[in-house]
Amino acid sequence: MKVLVLGGTAEARQLVEALGDVATLSLAGVTRKPLSGPHRVGGFGGAEGLAAFLRREGFDGIIDATHPFAAQMSRNAFDAATALGVPLLRLERPAWLKAPAWREVEDLAAAAKALPAGARVFLTVGSLSLDTFAARGGIWCLTRSIEPPTQPPPHGEVVLQRPPFSVQNELELMVRHKITHLVSKNAGGEATRAKLEAAAQSGVQVIMVKRPRLPEVLTVETVVEAVKWVENLGE
Ligand code: NAP
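Sequence order as written defines the numbering, with residues in each chain counted from 1. Two thresholds apply to this predicted model, a pLDDT of at least 70 for residue-level local features and 80 or more for giving and counting side-chain atom pairs, whereas whole-chain, interface and lining totals are computed over all residues. In computing side-chain values, all of the structure's heavy atoms are included and hydrogens and water are not.

A. Region of the structure containing the sheet that holds strand E5 (residues 88-91). Here, a strand pair is defined by DSSP locating no fewer than two bridges between the strands. Helix and strand definitions here come from DSSP, where helices need a minimum of 4 consecutive H or I residues and strands a minimum of 2 consecutive E residues; each element is numbered from the N-terminal end. On the basis of which strands lie adjacent, the open sheet formed by six strands has the order E3-E2-E1-E4-E5-E12 and parallel pairing. Only two strands of the sheet have a single neighbouring strand rather than two, namely strand E3 (40-41) and strand E12 (219-220). With three bridges joining them, strand E4 (residues 61-64) and E5 adopt parallel strand pairing. The partner of Ile-63 across the bridge, within E5, is Leu-89. Residue contacts are defined here by distance: any two heavy atoms, one from each residue, within 4.5 Å place the two residues in contact. Fitted lines through C-alpha atoms serve as axes, helices being fitted only where they are in contact, and the angles separating the N-to-C directions of these axes extend from 0 to 180 degrees. Across the face of the sheet, helix H1 (residues 10-19) comes into contact with strand E1 (3-6), strand E2 (23-27), E4 and E5 while running at roughly 160° to E1.

B. Region of the structure containing empty space enclosed by the protein. Grid points spaced at 1 Å over the protein atoms alone were grouped into cavities, where a 1.4 Å probe fits but cannot get out, and pockets, open sets with protein on both sides within 12 Å along at least five of seven lines, with lining residues defined by an atom within 4 Å of a point. Grid points are joined across faces, edges and corners, and a volume is the space filled by probe spheres set on the points. Summed over all chains, the structure comprises one cavity of 30 Å³ or more. Forming the walls of the largest cavity are Thr-9, Glu-11, Ala-65, Thr-66, His-67, Pro-68, Leu-91, Glu-92 and Arg-93. We call Asp, Glu, Lys and Arg charged. Ala, Val, Leu, Ile, Met, Phe, Trp, Tyr, Cys and Pro are nonpolar, and the rest, Gly among them, are polar. Taken together, the residues of the lining of the largest cavity sort by class into three nonpolar, three polar and three charged.

C. Seen up close, the sheet that holds strand E7 (residues 120-124). On the basis of which strands lie adjacent, the open sheet formed by six strands has the order E6-E11-E10-E7-E8-E9 and parallel pairing. A strand with exactly one partner marks an edge of an open sheet, and here the two such strands are strand E6 (103-105) and strand E9 (156-160). Put simply, the sheet's adjacent strands are angled 20° from each other on average, direction ignored. For strand E10 (residues 181-185) and strand E11 (residues 205-209), the ladder comprises five bridges, and the chain directions are parallel. Within E11, the position partnered with Lys-185 by the bridge is Val-209.

D. Quick look at the environment of Glu-17. Assignment of secondary structure puts Glu-17 in helix H1. Considered as a pair, Glu-17 and Leu-182 are 165 residues apart in the sequence and their alpha carbons are 34 Å apart.

E. Broad picture of the pairing of E11. The classification of residues rests on relative accessible area computed with a 1.4 Å probe and restricted to protein chains. Under 20% of the type maximum is buried, over 50% is exposed, and intermediate values are partly exposed. The buried count for E11 comes to four of five residues, which makes it a mostly enclosed element. Pairing between E6 and E11: three bridges, direction parallel. In the strand pairing of E11, Val-105 is matched with Val-209. Handedness is read with the strands pointing away from the viewer; a crossover is right-handed when the path from the first strand over the helix to the second is clockwise. Once the chain exits E10 it traverses helix H7 (residues 194-202) before rejoining the sheet at E11, and the crossover so formed is right-handed.

F. Main features of unusual backbone geometry. For the peptide bond that leads from Pro-163 to Pro-164, omega is 10°, which places it in the cis range. Relative to the elements of secondary structure, Pro-164 occurs in the loop between E9 and helix H6 (167-176).

G. The environment of Ala-28, seen in detail. Within the element layout of this structure, Ala-28 appears in the loop between E2 and E3. Residue Ala-28 is classed as exposed on the basis of its relative accessible area of 58%. For the pair formed by Ala-28 and Lys-113, sequence separation is 85 residues and the distance between their alpha carbons is 29 Å. With near-sequence residues (within four places) excluded, Ala-28 lies in contact with Val-41, Gly-42 and Gly-43.

H. Looking closely at the packing of H6 against H7. Relative to each other, H6 and H7 sit at 50°, their axes nearing to 8 Å. With respect to their mutual orientation, H6 and H7 come out oblique. The handedness of the crossing between H6 and H7 is right-handed. On H7, the residues touching Val-167, Glu-170, Leu-171 and Met-174 of H6 are Ala-194, Lys-195, Glu-197, Ala-198, Ala-199, Gln-201 and Ser-202. Its residues assigned to classes, the contact of H6 with H7 shows six nonpolar, two polar and three charged. Any angle between 65 and 115 degrees counts as roughly perpendicular, while under 35 counts as roughly parallel, over 145 as roughly antiparallel, and the rest as oblique. Each crossing is labelled by how the near helix is turned from the far one, with a counterclockwise turn of less than a right angle marking it left-handed and a clockwise turn marking it right-handed.

Right, dumping it as structure tokens:
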């Protein structure tokens, strides 16, 4: 039994640990010092490349445990799995429940548009999603990411931090930088939830980017359920 786990999340790491030798973890190569154990790195070359890799290596199943916003990889996994008839499971943590005070937007471009001139923004969308905000004039951004941004960051300051974050850490950043707006993707999970609590406590307006729509596939929310799925694959 061989399962390919598409990663880039803490859940993918936990899943691979739980599965042991059965699993191969694949990372895009965005984070230079990932916390993961053994893994392969880099793109496959689209859905066709992934299908060729799956066939060559003889995988019996794929688990898409990428970040909920890694939409391209999820589509490629769907296309490759469908083309080959290889079972596919998505492991996806639940989205954060909408709070009444949030302003929800469809995508990053809409988030950039929603910011008023003069806004002091805590930008927590990751190092790969900064260009729309850099192109937007009239705002100041505290840009936070794990890795130094590879693209020019928006006007303001960059802070490099790795989750999990505490409410105290988030409050301190928001107060020190006189933040008026928080821009976040609806990533879900506990590791980065504290910023929402801190924003609520300090009157910071939350602009929340909704999750992209992905192909409909069998989806579980926990590592335990994903392990069960793999056990059933062998039967
Ligand atoms: P994406 O837009 O969906 O994917 C872009 C390309 O990167 C894919 O077409 C694929 O290249 C390659 N790729 C992505 N994930 C891969 C994986 N696990 N293994 C091998 N190749 C992968 O993804 P993204 O938004 O750039 O995210 C990149 C990675 O960072 C993902 O692993 C994701 O889980 C993680 N991440 C993303 C976010 C986010 O907000 N987007 C946040 C936290 C972590 P080919 O087409 O050449 O195969």
